[in-house]
Amino acid sequence: MKKSFLILTINPGSTSTKIALFENEERVFEEVLRHRLEEMARFGGTLEQYEWRKDVVLDAMKRHGIDPKTLDAVVGRGGLLPPLESGTYRVNREMLDYLRRPDRERTHPSDLGAMIAYEIAEPLGIPAFIVDPVSVDEFDPLARVSGLPEIERKSLSHALNLKAMARRAAGELGKDYHEVNLVVTHMGGGISVSAHRKGRMIDVNQALDGTGPFSPERAGGLPVGDVLRLAFSGKYTYEQLFRRITKEGGLLAHLGTNDAREVERRIEAGDEKAALIYEAMAYQIAKEIGGMATTLKGDVDALVLTGGLAHSEMLVGWIKERTEWIAPVFVYPGEDELLSMAQGALRVLRGEESAREFRVSAS
């Protein structure tokens, strides 16, 4: 078996496209290709950005002297696909057709990752992959049931980082991911709190626009009656209220900033409101962690805190005060999605697991 693999990873975001080249797990280079708002304003939507973003990536490859013929695989960030089992998926025509469908309820820049990866890889005869997209769904049947038959609980989360950090924690415990029970929390602009039982993410709050703790930008779980009263108050259109809940809630709504560092500066300067709101976010995160521990019947090997907010010793300290009685707490600040994507491809290239095939009918 080949011992060294060169893997290009591509992660399109709302105002940037991150790319990196890995030789196995070693990062050869990484670049954040930032996109000016005036550049993006000429496009009507996500799909219209495809050719432009692809050219930006190809230009960056040329600048870094990457010979495409030396690559063994290209990995794109998984987009908003139907519910899928966790794993590394080969980008196929059916996936591309789905991502280009005009009738999809919503799109996201990460959808372009699979398209660009395929465009680069297909002429070279090498695989294009995505790894653990946000729609990873390994729910137990109990986890799907809500109080209304018209609404089913959905698995939409920061699955890529949750899964990667779960594997890392298992390694620190000296075990395989499929041997442990964990509660893993990703804390960024949105917050995902997930329960992992023997290699499956059996429950997670709907971090995209639904339940769980409030975050720097999202309102989290809210009293439904009050939301309905707001919705029919005449003060908001659907789009305005949806944006307030999903992009303008949380710390931003209360304090006018989504920057945790700024919030901590205010707290250190004696701002009592900032202290109350910031600790309330920690309180809600801790409460969600406790709830996820019950889905594992208290049999928890470790708690994991990750994402950008895990850099905050203040926030982490408050969460640990309320949760470390459950299990040891591992803190992995930040997130390295590009590395996690490369590791997913490596598991396939090394024969440690098989690539999954995307099928709409099977999802």
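Refer to the structure presented above.
The following paragraphs examine the structure supplied in this document. (Residues numbered from 1 in each chain as written. Predicted model: local features only at pLDDT ≥ 70, side-chain atom pairs only at ≥ 80, totals over all residues. Heavy atoms only, no water.)

**Comments concerning the nonpolar core**
Definition in use: The definition of a nonpolar core used throughout is a set of buried Ala, Val, Leu, Ile, Met, Phe, Trp, Tyr and Cys residues joined through side-chain atoms within 4.5 Å. When accessible area is computed with a 1.4 Å probe and restricted to protein chains, residues below 20% of their type maximum are described as buried, those above 50% as exposed, and intermediate ones as partly exposed. Strands are runs of DSSP state E lasting at least 2 residues, helices are runs of H or I lasting at least 4, and numbering of each runs from the N terminus. The contact criterion used throughout is that any non-hydrogen atoms of two residues lie within 4.5 Å.
Membership of the largest hydrophobic core comes to 38 residues, with the highest contact counts inside it found for Leu 8, Leu 71, Val 74 and Met 95. At the level of elements, strand E1 (6-12), strand E2 (16-23), strand E3 (26-34), helix H2 (50-63), helix H3 (93-99), helix H4 (111-121) and strand E6 (128-131) are the ones that each hand at least two residues to this core. Those residues in contact with Val 74 that sit more than four places away from it in its chain are Leu 8, Ile 10, Ala 117, Ile 120, Ala 121, Ile 126, Pro 127, Ala 128 and Phe 129. The next biggest cluster of nonpolar side chains, apart from the first, holds 34 residues, and it includes Leu 255, Tyr 278, Trp 318 and Ala 327.

**Some remarks on the packing of aromatic side chains**
Stated precisely, the cut-off is as follows: Planes of paired rings set the category: under 30 degrees apart is stacked, over 60 is edge-to-face and the rest tilted, where pairs are Phe, Tyr or Trp rings (Trp by its six-membered ring) whose centres lie within 6.5 Å. Ring-over charges, as used throughout, are those where CZ of Arg or NZ of Lys falls within 6 Å of the ring centre and within 35 degrees of the ring normal.
What the rule picks out here adds up to five aromatic pairs. On the basis of an interplanar angle of 45° and a centroid distance of 6.3 Å, the ring pair of Phe 330 and Tyr 332 is categorised as tilted. With respect to class, Phe 330 is no different from Tyr 332; both count as buried. Above the ring of Tyr 50, the side-chain terminus of Arg 100 is found at 5.9 Å from the ring centroid. A cation over an aromatic ring shows up here: Arg 168 above the ring of Tyr 332, its NZ or CZ 3.9 Å from the ring centre.

**Structural notes on the layout of surface pockets**
Which entries qualify depends on this criterion: Think of a 1 Å grid over just the protein atoms. A cavity is a set of points where a 1.4 Å probe fits yet cannot get out, a pocket is an open set with protein on both sides within 12 Å along at least five of seven lines, and lining residues have an atom within 4 Å of a point. Grid points are joined across faces, edges and corners, and a volume is the space filled by probe spheres set on the points. Ten residues, namely Ala, Val, Leu, Ile, Met, Phe, Trp, Tyr, Cys and Pro, are considered nonpolar, four, namely Asp, Glu, Lys and Arg, are considered charged, and the remaining ones, Gly among them, are considered polar.
Volume-wise, the second largest pocket comes out at about 1,600 Å³. Lining the second largest pocket we find 41 residues, and of these Arg 106, Lys 154, Gln 206, Asp 209 and Gly 210 sit closest to its centre. Counting residues per element, the ones that place at least two in the lining of the second largest pocket are helix H7 (224-231) and helix H8 (238-246). It is H8 that provides the largest number of residues to the lining of the second largest pocket, a total of five residues. Across the lining of the second largest pocket, the residue classes break down as 19 nonpolar, ten polar and twelve charged.

**Some points on a nonpolar patch on the surface**
Heads up, the rule is: Candidates for patches are residues over 30% relative accessible area with no salt bridge; among them, like charges are joined within 9 Å and nonpolar side chains (Val, Leu, Ile, Met, Phe, Trp, Tyr) within 5 Å. All accessible areas in this document rest on Shrake-Rupley with a 1.4 Å probe, and a residue is counted as covered only by the protein chains that are shown. Salt bridge, as used here, is a side-chain nitrogen of Lys or Arg placed within 4 Å of a carboxyl oxygen of Asp or Glu.
A surface patch of nonpolar side chains, about 370 Å² in accessible area, is lined by Val 224, Leu 228 and Phe 232. Counting through the fold element by element, Phe 232 comes out in the loop between H7 and H8.

**Brief notes about the sheet that holds strand E8 (residues 191-197)**
For sheets, the rule is that strands pair by backbone hydrogen bonds, running either parallel or antiparallel. Under the convention used in this document: What makes two strands pair is DSSP finding at least two bridges between them. Each axis is a line fitted through C-alpha atoms, taken for helices only over the stretch in contact, and angles between the N-to-C directions span 0 to 180 degrees.
The strand order across the open sheet built from five strands is E9-E8-E7-E10-E11, with neighbouring strands paired in mixed fashion. What marks the edges here is a single partner per strand, and that holds for strand E9 (200-204) and strand E11 (329-333). In this sheet, adjacent strand axes meet at a mean angle of 25° when their direction is disregarded. Pairing between E8 and E9: four bridges, direction antiparallel. The residue of E9 that forms the bridge with Ser 194 is Val 204. Most of the contacts of helix H11 (residues 272-295) go to E8, to which it runs at about 20°, and overall it touches strand E7 (181-187), E8, E9 and strand E10 (302-307).

**Some remarks on the environment of Leu 173**
Summarising the element assignment, Leu 173 is placed in the loop between helix H6 (159-172) and E7. By relative accessible area, Leu 173 is classed as partly exposed at 29%. The sequence separation of Leu 173 and Ala 302 amounts to 129 residues, and the corresponding C-alpha distance is 8.6 Å. In contact with Leu 173, not counting residues within four places along its chain, are Val 180, Leu 182, Asp 301, Ala 302 and Phe 330.

**Here we look at the pairing of E1**
Counting buried positions along E1 gives seven out of seven residues, so the element sits mostly inside the fold. Alternating positions in E1 separate into two faces, Leu 6, Leu 8, Ile 10 and Pro 12 on one and Ile 7, Thr 9 and Asn 11 on the other, with burial throughout. With seven bridges joining them, E1 and E2 adopt antiparallel strand pairing. Within the sheet, the bridge partner assigned to Asn 11 lies in E2 and is Lys 18.

**Quick word on the packing of helix H10 (residues 260-268) against H11**
We apply this condition: In these notes the angle categories are as follows: under 35 degrees is roughly parallel, over 145 is roughly antiparallel, 65 to 115 is roughly perpendicular, and the rest is oblique. With the far helix as reference, a near helix turned anticlockwise by less than a right angle produces a left-handed crossing, and one turned clockwise produces a right-handed crossing.
Closest axis-to-axis distance for the H10/H11 pair is 8 Å, and the angle between their directions is 130°. Judged by the inter-axis angle, H10 sits oblique to H11. Note that H10 runs across H11; the crossing there is left-handed. Here Ala 260, Val 263, Glu 264, Arg 266 and Ile 267 of H10 come into contact with H11, specifically with Ala 274, Ala 275 and Tyr 278. A breakdown of the residues in the contact of H10 with H11 according to their chemical character gives six nonpolar, no polar and two charged.

**Concerning the side chain of His 186**
Note the following rule: Polar contact criterion, stated in full: a pair of N or O atoms within 3.5 Å, where within protein one must be able to donate a hydrogen and the other to accept it, and residues adjacent in sequence count only if both atoms are side-chain atoms.
Here His 186 is to be found in strand E7. A distance of 3.0 Å separates the side chain of His 186 from the side chain of Asn 161, its partner in a polar contact. Every residue in contact with His 186, bar those within four places of it in the chain, is listed here: His 158, Asn 161, Leu 162, Ile 191, Ser 192, Thr 306, Gly 307 and Glu 335.

**A word on unusual backbone geometry**
Not every positive phi belongs to a glycine, and Asp 132 is a case in point at roughly 40°. Locating Asp 132 in the fold gives a position in the loop between E6 and helix H5 (141-144). A positive phi is found at Lys 198, a non-glycine position, where the angle reads about 50°. If you trace the backbone, Lys 198 turns up in the loop between E8 and E9. Judged by relative accessible area, which is 40%, Lys 198 ranks as partly exposed.

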